[in-house]
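# Architecture and fold: a report
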Amino acid sequence: MTSSQTAKKQDLPPTAWAVLGLLSFPGERTGYELKKWADSSLRFFYWSPAISQIYAELRRLEELGYASSARSGPEEARAKRRYAITDAGRAALACWARDTAEAGPPVLKHGLLLRIWLGHLSEPERLRAMVGDHVERTRGELAAVREAMEHAAGVPEWTFPALALRWSERQHLAELELAGALLADLADAEAQNETPDGAPRATPDAARAGGRQGPGDAPTPG
């Protein structure tokens, strides 16, 4: 590998490595097939790139010599371009996969929790409804994960993708458990904000609107 190729390798974004990773399994695949596979595997524990991202990365990988492509012959009614990983691409991917320093910490961006954090601007019943919707979505995702696990079961080439899917199954189960605990926490918070006669207490925003400052500018130090 040349020094320029090494530099380019180090600059590749995670999306490029993910697409190359999809190509590292046996067989040749079209961009559309790669997207379908990402939707049924990668998205359960990382994310699924858009089809436009996949094709952009495939072009980049070909330029680097990490992937090759060929158009289908006249035996197919509609011409398709299929992609495969090259020896150089497999070597670069193996090097990247072994580099634990590049893995970094997991990143959590929980849209529901961002809204719970702003719960003082909403109503308790609305917050509970949000959590309920989240539970239903999570159950649907859990069913999809388990369907993907069944598809991968018993296929030697998919042993390690199956392990990632099994982790994802546990993560979704934990998410359901956390949602149940969050509903209990919301009930406790609602009870604490009620006066003895059952009326809601004034919110921090209402107190500030009346000219009274809370005990601090922020609920956390720093």
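Residues numbered from 1 in each chain as written. Predicted model: local features only at pLDDT ≥ 70, side-chain atom pairs only at ≥ 80, totals over all residues. Heavy atoms only, no water.

### Remarks on the overall build of the chain
Of the regular secondary structure elements, the chain holds nine helices and two strands. Going from N to C terminus, the chain has its helices and strands arranged as α-α-α-α-β-β-α-α-α-α-α. In the chain, once contacts between residues fewer than 6 apart in sequence are set aside, the share between residues at least 24 apart is 59%. (Helix = DSSP H or I, 4+ residues; strand = E, 2+ residues; numbered from the N terminus. Contact = heavy atoms within 4.5 Å.)

### Considerations on the packing of helix H7 (residues 124-152) against helix H8 (residues 159-192)
Contact geometry for H7 and H8: axes closest at 9 Å, N-to-C directions at 165°. Here H7 is positioned roughly antiparallel relative to H8, judged by the angle of their axes. Crossing hand, H7 versus H8: left-handed. Its residues assigned to classes, the contact of H7 with H8 comprises 17 nonpolar, four polar and eight charged. (Axes fitted to C-alpha atoms, helices over the stretch in contact; angles between N-to-C directions. Parallel < 35°, antiparallel > 145°, perpendicular 65-115°, else oblique. Left-handed = near helix turned anticlockwise from the far one by under 90°. Nonpolar A, V, L, I, M, F, W, Y, C, P; charged D, E, K, R; others polar.)

### Some remarks on the side chain of Ser 48
Tracing the backbone shows Ser 48 in the loop between helix H3 (31-39) and helix H4 (51-64). A distance of 3.2 Å separates the side chain of Ser 48 from the side chain of Lys 35, its partner in a polar contact. At 2.5 Å, the side chain of Ser 48 forms a polar contact with the side chain of Asp 39. The contacts of Ser 48, once residues within four sequence positions are left out, are Lys 35, Ala 38, Asp 39 and Arg 43. (Polar contact = N/O pair within 3.5 Å; in protein donor to acceptor, adjacent residues only side chain to side chain.)

### Considerations on the nonpolar core
Leu 12, Leu 20, Leu 23, Leu 34, Leu 58, Leu 61 and Tyr 66 are the most contacted members of the largest nonpolar core, which totals 22 residues. Counting only elements with at least two residues in this core, the list comes to helix H2 (14-23), H3, H4, strand S2 (81-85) and helix H5 (87-98). Element by element, the count of residues in this core is highest for H2, at seven residues. By size, the runner-up hydrophobic cluster in this structure holds nine residues, among which are Ile 116, Val 131, Val 135 and Leu 182. (Core = buried A, V, L, I, M, F, W, Y, C linked by side-chain atoms within 4.5 Å. Buried < 20%, exposed > 50% of the residue type's maximum accessible area, 1.4 Å probe, protein only.)

### Considering the packing of aromatic side chains
Tallied over the full model, the rule gives four aromatic pairs. Between Trp 37 and Trp 158, the ring centres sit 5.9 Å apart and the planes meet at 45°, which makes this aromatic pair tilted. Taken together, the residues Trp 37 in helix H3 and Trp 158 in the loop between H7 and H8 connect sequence positions 121 residues apart. Trp 37 gets classed as buried once you look at its relative accessible area, which sits at 15%. Among the aromatic residues, those joined into a cluster by ring pairs are Phe 25, Trp 37 and Trp 158. (Phe/Tyr/Trp six-rings, centres within 6.5 Å; stacked < 30°, edge-to-face > 60°.)

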